[in-house]
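Listed here are the chains, written in short residue letters.
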Amino acid sequence: MSYRIITISRQFGSGGRTIGKKLADELGIKCYDREIIDQIAEESGFDKKYISEKSEYVPNGIFGTMMNRWSYSGPTNEERIWQIQSNYIKELADKESCVIVGRCADYLLGDRDDVLKVFVHADNKYRAERIVKMYGESDIDPEKRLKDKDKHRAAYYQIYTDMTFGDALNYHVCLDSGAVGEDNCVEILKNIFN
């Protein structure tokens, strides 16, 4: 199998973004993560912070979002963001080899044979320690931060893909970054990609 694109879905705090960036550097290709938000902002005119909040999280819970999508006579802001994001990710995959972190890229590029779909996860202890180290202390308990972020990502993924976030059947490779280590995850993916 010859891969050109790697998509990385990840649990919050698992190091998926870091793994993606290191992997792209090792392979000599680009990694797209927050750059996608920049592109959406440019095309939509929305503020980057607004896009960041709306483009990975379901604002009103699953039921509210479903009601908005089914009963609204025009596209919501979330739907506009989704459409721009979808188009941009597909354009990236058409023009170059790259790593794409998050944004349901595994689903959006799921019909392609040249995409390696990866899910990075770790246990709560590892992730809680990592988010405190990476992002600092917060008034919110690290375990609650993890639970909230994971819940929002799972709901967003479910709404837009109709699949279960983190289900191994949706990916080619699932890696436990806490058990395997970030650098080993990079090496494993590099070997599969080459």
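Quick note: structure is the one above.
What comes next concerns the included structure. (Residues numbered from 1 in each chain as written. Predicted model: local features only at pLDDT ≥ 70, side-chain atom pairs only at ≥ 80, totals over all residues. Heavy atoms only, no water.)

**Comments concerning the sheet that holds strand β2 (residues 30-32)**
- Ordered by their spatial adjacency, five strands build an open sheet running β2-β3-β1-β4-β5, and the pairing between neighbours is parallel. Edge positions in the sheet fall to β2 and β5 (173-176), since each has one partner strand and no second. Strand after strand, the sheet turns through a mean of 20° between neighbouring axes, direction not considered.
- Examined bridge by bridge, β2 and strand β3 (residues 98-101) share three bridges and lie parallel to one another. Of the residues in β3, the one forming a bridge with K30 is C98.
- Together, β1 (5-10), β4 (115-121) and β5 form the strand contacts of helix α10 (residues 182-193), whose direction differs from that of β5 by roughly 165°. (Pairing = 2+ DSSP bridges. Helix = DSSP H or I, 4+ residues; strand = E, 2+ residues; numbered from the N terminus. Axes fitted to C-alpha atoms, helices over the stretch in contact; angles between N-to-C directions. Contact = heavy atoms within 4.5 Å.)

**Details of helix α7 (residues 124-135)**
- Its twelve residues give α7 an end-to-end C-alpha distance of 16 Å, which sits within 8% of 16 Å, the value for a rise of 1.5 Å per residue.
- Contact partners of the buried residues in α7: α1 (16-27), α8 (142-161) and α10.
- Among the residues of α7, the N-terminal cap falls to D123, whose side-chain oxygen and the backbone nitrogen of K125 are separated by 3.3 Å.
- Looking one or two residues beyond α7, the residue adopting positive phi is G136, at roughly 85°. (Expected span 1.5 Å × (residues − 1). Polar contact = N/O pair within 3.5 Å; in protein donor to acceptor, adjacent residues only side chain to side chain.)

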